[in-house]
Amino acid sequence: MTKEVRHPDLEQARRTALMAHGVVIKLKEMGLPEELDDELSTLSTDLGDLWGAQKELASYLEEFVKSSHDWASVGNDLVDLRTTIDHIEWHARSVRRAMTRLTHYAYNQAAQG
């Protein structure tokens, strides 16, 4: 049995970082105050990672469906899927407080004019 070595996907890491950076730029250009920088940091990191992880999940699922019919490969594929799902779950929980606070701020700004 040969063990497949996975290498970091540096291009995907760059795209994820750019997405997170895009969140920061958008909200800062809209005038988000510095007192919400901690929430912005959490929001941008978590949303960027969620965006990247959903792409990874789709890729792993496609690989799983197309993979060979040997049980070791199935086990390895399921571990990859589970790891990605756990990663998504962690970021989904992490982002909630920051997202709620920034959502309240957005609606308060909208109500002011």
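Above this text sits the structure in question.
Just so it is clear, the model here is predicted, and its values are computed rather than measured.

### Comments concerning helix H2 (residues 37-66)
Link 1 in the chain: If you check H2, its first and last C-alpha atoms are 43 Å apart, about what 30 residues at 1.5 Å a residue would give, namely 44 Å.
Link 2 in the chain: Residues of H2 that are buried include every one of Glu 39, Leu 40, Leu 43, Ser 44, Asp 46, Gly 48, Leu 50, Gly 52, Ala 53 and Tyr 60, and no others.
Link 3 in the chain: Of the surrounding secondary structure, the elements contacted by the buried residues of H2 are helix H1 (10-29) and helix H3 (71-112).

### Here we look at the side chain of Thr 16
Link 1 in the chain: Position of Thr 16 relative to the elements: it lies in helix H1.
Link 2 in the chain: If we ignore the near neighbours within four places in the chain, the residues touching Thr 16 are Gly 48, Asp 49, Trp 51 and Gly 52.

### With respect to the environment of Leu 47
Link 1 in the chain: Looking at the secondary structure, you find Leu 47 in helix H2.
Link 2 in the chain: Residue class for Leu 47 comes out partly exposed when judged on its relative accessible area of 29%.
Link 3 in the chain: Between the C-alpha atom of Leu 47 and that of Ala 92, which follows or precedes it by 45 residues, the distance is 8.4 Å.
Link 4 in the chain: Those residues in contact with Leu 47 that sit more than four places away from it in its chain are Val 23, Val 95 and Met 99.

### Digging into the pattern of salt bridges
Link 1 in the chain: Overall, the coordinates contain five salt bridges when judged by the stated rule.
Link 2 in the chain: Note that Arg 101 is salt-bridged to Glu 39, the shortest N-O span being 2.5 Å. Here Arg 101, found in helix H3, pairs with Glu 39, found in helix H2; they are 62 residues apart in sequence, far enough to count as distant.
Link 3 in the chain: Relative accessible area serves as the criterion here: at 6%, Glu 39 is assigned to the buried category.
Link 4 in the chain: A salt bridge links Asp 86 to Arg 82; the shortest N-O distance between them is 2.9 Å.

### Concerning the environment of Gly 22
Link 1 in the chain: With respect to the helices, strands and loops of the structure, Gly 22 is situated in helix H1.
Link 2 in the chain: Since its relative accessible area comes to 36%, Gly 22 is described here as partly exposed.
Link 3 in the chain: On a C-alpha basis, the gap between Gly 22 and Ser 44 in space is 8.1 Å, while along the polypeptide they are 22 residues apart.

### Quick look at the nonpolar core
Link 1 in the chain: Residues Val 23, Leu 32, Leu 36, Leu 40, Leu 43, Val 95 and Leu 102 constitute the largest nonpolar core, which totals seven residues.
Link 2 in the chain: Counting only elements with at least two residues in this core, the list comes to H2 and H3.
Link 3 in the chain: Those residues in contact with Leu 40 that sit more than four places away from it in its chain are Val 23, Val 24, Leu 27, Lys 28, Leu 32 and Leu 102.

### Considerations on the packing of H2 against H3
Link 1 in the chain: At their nearest, the axes of H2 and H3 sit 8 Å apart, and the two run at 155 degrees to each other. The orientation of H2 with respect to H3, classified from their angle, is roughly antiparallel. As for how H2 packs across H3, the hand of that crossing is left-handed.
Link 2 in the chain: Class assignment for the residues of the contact of H2 with H3 results in 20 nonpolar, six polar and nine charged.

About the criteria used
- Residues numbered from 1 in each chain as written.
- Predicted model: local features only at pLDDT ≥ 70, side-chain atom pairs only at ≥ 80, totals over all residues.
- Heavy atoms only, no water.
- Helix = DSSP H or I, 4+ residues; strand = E, 2+ residues; numbered from the N terminus.
- Expected span 1.5 Å × (residues − 1).
- Buried < 20%, exposed > 50% of the residue type's maximum accessible area, 1.4 Å probe, protein only.
- Contact = heavy atoms within 4.5 Å.
- Salt bridge = Lys/Arg side-chain N within 4 Å of Asp/Glu carboxyl O.
- Core = buried A, V, L, I, M, F, W, Y, C linked by side-chain atoms within 4.5 Å.
- Axes fitted to C-alpha atoms, helices over the stretch in contact; angles between N-to-C directions.
- Parallel < 35°, antiparallel > 145°, perpendicular 65-115°, else oblique.
- Left-handed = near helix turned anticlockwise from the far one by under 90°.
- Nonpolar A, V, L, I, M, F, W, Y, C, P; charged D, E, K, R; others polar.

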